[in-house]
Amino acid sequence: MQLVQVPVTLGQLPDWPATVQYAVRAAPATVARSWLRRVCRLTTSFLPRRFVFMGSSRTILGDRRYGINVIGNAATGLGHVYRQLGIALHLNAKPVFFVPEGHDLALAKIREHHYPVSVYQSEAELVRRIAGEKIGLVINDVLDTERQLIEAIKLIGAKVVNFEDLGSGSHAAHLTINDLYEFSKDSANIRYGHEYVCLRPDVNFSAKKVIGSDVRTILIACGGVDPANLTHRYLTALGSLGFRDKVRVVLGLGYRRTVELKEAHRASGLAVEYFENVPIMADFILGADLVLSSNGRTVYEAVAIGTPTIVMCQNAQEARHTFSNISGAVTNLGLGTEVADTAIREAIRRHIDDFEHRKRMNERMLSFRLEEGIHRVLALIERVARTPHEKLA
């Protein structure tokens, strides 16, 4: 994919809302003009009208601000960061990001998007910084939290929304969104399941996949870090199958084995193209006939677009993401360290050979309408932001 240089000024966007103008202003200069126009056109009708657009002087938090506490390193990947960057675009005031020390991947990605970011060394320091920045609503996307931290944040007058949290802090927060966990009932303050998935904007605005009779392009995308090196295992399987059509490999910001990977598969006979730190995944997913991935956010992106997908879990954390098991829309081979090479090879072979199977997967995927999840989440966050403290649980 070749991206064109697009100089964009606000003078070119007189009729677009402030949120869209900010997004365009912050976007890399290499984003294609056609994609920008599509995003801006759709965003006007996509956002709930009750939201105030970013850049407005009004805020439903009064003189206080939004804060987003997020993690992202070689162990956790960048899924948490991408989710919050997507949510940040829809908030009615520019948020301040907070990142724990040692999470340099998160820090780099947030700085790419020009948000203010503060690094902290301890939870006590985090609470002090939240107070100092006059944060009125804190979003935590840091996996499991403890009740003590959430209560400390509430004591300084901030409302709290957590994501992907099964810790004791999930019950203390005013709202917890556990979109990747399916097997629990909603409670007063916790929402579970794929109905609350927040997709990246490019995926939300993407066209849907139309299944072709042949598999001509395979996409391998195993997250921002790929700690189990599933990319190597998928390439090995394709090489043993003698696949001779196009293979596109997307490597994330935290992948550290690029040189070794390319060297290992140089003589494989595969027609491989490598792409690093891709800002717009939707084009890659839509352009593929089959996606080979890990069991993280890419699963939901592929399901939203409708491209048949095979996954393996990077670790025990991803094995808790059960949507791929129960949806009937994705082939989940299980924990990568326990999957035999023959099982990977045979799963890929079946998907290549069986057009009707891929067509059924596509139909099942699109039936979930995952692009609607962001509406539900934004509405819930807004409700917390607008509700007086004394009326919140």
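Before any of the text, the structure's been laid out above.
The sections below set out a description of the structure shown in this document. (Residues numbered from 1 in each chain as written. Predicted model: local features only at pLDDT ≥ 70, side-chain atom pairs only at ≥ 80, totals over all residues. Heavy atoms only, no water.)

**Quick look at the layout of surface pockets**
Considering only enclosed or pocket space, the second largest pocket measures out at about 620 Å³ in volume. Every residue lining the second largest pocket is counted, 37 residues in all, and those nearest its centre are Gly77, Leu78, Gly79, Gly223 and Gly224. Looking at the lining of the second largest pocket, the elements that each hand over two or more residues are helix 3 (79–88), strand 9 (246–251), helix 12 (297–305) and helix 13 (316–319). The dominant element in the lining of the second largest pocket, judged by the number of residues it contributes, is helix 3, at 4 residues. Per-class residue counts for the lining of the second largest pocket are 15 nonpolar, 15 polar and 7 charged. (1 Å grid on protein atoms, 1.4 Å probe; cavity = no way out; pocket = protein on both sides within 12 Å on 5 of 7 lines; lining within 4 Å. Points joined across faces, edges and corners; volume = space filled by probe spheres on them. Helix = DSSP H or I, 4+ residues; strand = E, 2+ residues; numbered from the N terminus. Nonpolar A, V, L, I, M, F, W, Y, C, P; charged D, E, K, R; others polar.)

**Comments concerning empty space enclosed by the protein**
According to the stated counting rule, one finds 1 cavity of 30 Å³ or more in the structure shown. Approximately 50 Å³ is the volume attributed to the largest cavity. In terms of lining, the largest cavity is formed by Arg83, Asp179, Leu180, Val197, Cys198, Leu199, Arg297, Tyr300 and Glu301. Looking at the lining of the largest cavity, the element that brings in the most residues is helix 12, giving 3 residues. Classifying every residue of the lining of the largest cavity gives 5 nonpolar, no polar and 4 charged.

**Structural notes on unusual backbone geometry**
Negative phi values dominate among residues other than glycine, just as trans dominates among peptide bonds. Although it is not a glycine, His114 adopts a positive phi angle of roughly 65 degrees. Mapped onto the secondary structure, His114 falls in the loop between helix 4 (104–112) and strand 3 (117–120). For Leu143, which is not glycine, the phi torsion reads 65 degrees and is therefore positive. Along the chain, Leu143 turns up in the loop between strand 4 (135–141) and helix 6 (147–155).

**Side note on helix 4**
All of the buried residues in helix 4 are Leu105, Ala106, Leu107, Lys109 and Ile110. Buried-residue contacts for helix 4 involve strand 1 (65–70), helix 3, strand 2 (96–100) and strand 3. Downstream of helix 4 by one or two residues, His114 has phi in the positive range, about 65 degrees. (Buried < 20%, exposed > 50% of the residue type's maximum accessible area, 1.4 Å probe, protein only. Contact = heavy atoms within 4.5 Å.)

**Some words on the pairing of strand 1**
Extensive coverage of strand 1 is indicated by the burial of 5 of its 6 residues. Summarising the sheet, strand 1 and strand 4 pair through 6 bridges and their orientation is parallel. Note that in strand 4 the partner of Ile68 across the bridge is Ile139. With 3 bridges joining them, strand 1 and strand 2 adopt parallel strand pairing. Counterpart to Ile68 in the pairing with strand 2 is Phe97. Of the crossover connections in this fold, the one passing from strand 1 over helix 3 to the parallel strand 2 is right-handed. (Pairing = 2+ DSSP bridges. Right-handed = clockwise from strand over helix to strand, strands pointing away.)

**Thoughts on the sheet that holds strand 1**
Pairing within the open sheet is parallel, and its 7 strands lie in the order 3-2-1-4-5-6-7. In this open sheet, the two strands that pair with only one neighbour each are strand 3 and strand 7 (190–192). Strand after strand, the sheet turns through a mean of 20 degrees between neighbouring axes, direction not considered. Across the sheet, helix 5 (residues 123–132) is in contact with strand 1, strand 2, strand 3 and strand 4; its angle to strand 3 comes to roughly 150 degrees. (Axes fitted to C-alpha atoms, helices over the stretch in contact; angles between N-to-C directions.)

**Examining the sheet that holds strand 10 (residues 271–276)**
Strands sit in the order 10-9-8-11-12-13 across an open sheet of 6 strands; the sheet is parallel. One side of each edge strand has no neighbouring strand; the edge strands of this open sheet are strand 10 and strand 13 (331–335). Within this sheet the neighbouring strands show an average axis-to-axis angle of 15 degrees, counted without direction. Judged from the 3 bridges that link them, strand 12 (residues 309–313) and strand 13 form a sheet pairing that is parallel. Bridging from a neighbouring strand, Val311 pairs with Asn332 of strand 13. Of the strands in this sheet, strand 8 (217–221), strand 9, strand 10, strand 11 (290–294) and strand 12 are in contact with helix 9 (residues 230–241), which crosses strand 12 at around 130 degrees.

**Remarks on the pattern of salt bridges**
Scanning the entire structure with this criterion turns up 20 salt bridges. Here Arg83 ties to Asp141 by a salt bridge, and the two come within 2.8 Å at their closest N and O atoms. Of this pair, Arg83 sits in helix 3 while Asp141 sits in strand 4, placing them 58 residues apart in sequence. Here Arg266 makes a salt bridge to Glu263, at a shortest N to O gap of 3.1 Å. Arg266 gets classed as exposed once you look at its relative accessible area, which sits at 60%. One salt-bridge network, in which partners are shared between bridges, spans Arg83, Asp141, Glu164 and Asp179. (Salt bridge = Lys/Arg side-chain N within 4 Å of Asp/Glu carboxyl O.)

Shape descriptors only; they carry no functional weight alone.
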